[in-house]
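# Coordinates in review
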Amino acid sequence: MQNEQAMSLAERLRRCVADTPFFIEVAGVSRPVSVNMTISLGVAHQASDELEALAQLMAEADQALYAAKHTGRNCVVAAESKAIYELGS
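Heads up: these notes are all about the structure in this document. Keep in mind it's a predicted model, so treat the numbers as computed, not measured.

### Quick look at the overall build of the protein
The number of helices and strands found in the protein is two helices and five strands. For the protein, the α and β elements follow one another from N to C terminus as α-β-β-β-α-β-β. Buried residues in the protein amount to 26% of all 89 residues. For the protein, the accessible area works out to roughly 6400 Å², and carbon and sulfur atoms hold 55% of it.

This is the structure in structure tokens:
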């Protein structure tokens, strides 16, 4: 999967969660309560010609996730070449 495809998939997932109400049961309430949720995602990509260790790839994705949360949540951030790029929220 190319980085652009991964970012597009992550953005679709983010929007789907943000646009879908979740219903939870609350004690003492007769009907389920609608709750809005958002997610932040960090995306890291390993080129097929690179032999990057899985631990390094996970660390980059983790760094991107924390950058997304720091940005204000409900966004997708990619880690590329030690730089962080944000995809609009």
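From this point, the discussion proceeds with the structure in view.
### Focus on the pattern of salt bridges
Summed over the entire model, instances satisfying the criterion amount to two salt bridges. For R14, the salt bridge identified is with E11, shortest N-O distance 2.6 Å. With R14 and E11 both in helix α1 (residues 3–19) and three residues apart, the pair spans about one turn of that helix. In this structure, E11 and R15 form a salt bridge, with 3.0 Å as the shortest nitrogen-oxygen distance. Of the two residues, E11 and R15 are both situated in helix α1; the distance of four residues between them amounts to about one turn of the helix. The network of salt bridges with shared partners includes E11, R14 and R15.

### Notes on unusual backbone geometry
Where the residue is not glycine, phi is negative for most of them; where a peptide bond is considered, it is trans in most cases. A positive phi is found at R73, a non-glycine position, where the angle reads about 75 degrees. Structurally, R73 is set in the loop between α2 (54–71) and β4 (76–80). Here R73 falls in the exposed class, since its relative accessible area comes to 57%. One non-glycine residue, N74, adopts positive backbone phi at about 55 degrees. Relative to the helices and strands, N74 resides in the loop between α2 and β4.

Conventions used here
- Residues numbered from 1 in each chain as written.
- Predicted model: local features only at pLDDT ≥ 70, side-chain atom pairs only at ≥ 80, totals over all residues.
- Heavy atoms only, no water.
- Helix = DSSP H or I, 4+ residues; strand = E, 2+ residues; numbered from the N terminus.
- Buried < 20%, exposed > 50% of the residue type's maximum accessible area, 1.4 Å probe, protein only.
- Areas by Shrake-Rupley, 256 points an atom, 1.4 Å probe, with all protein chains shown as cover.
- Salt bridge = Lys/Arg side-chain N within 4 Å of Asp/Glu carboxyl O.

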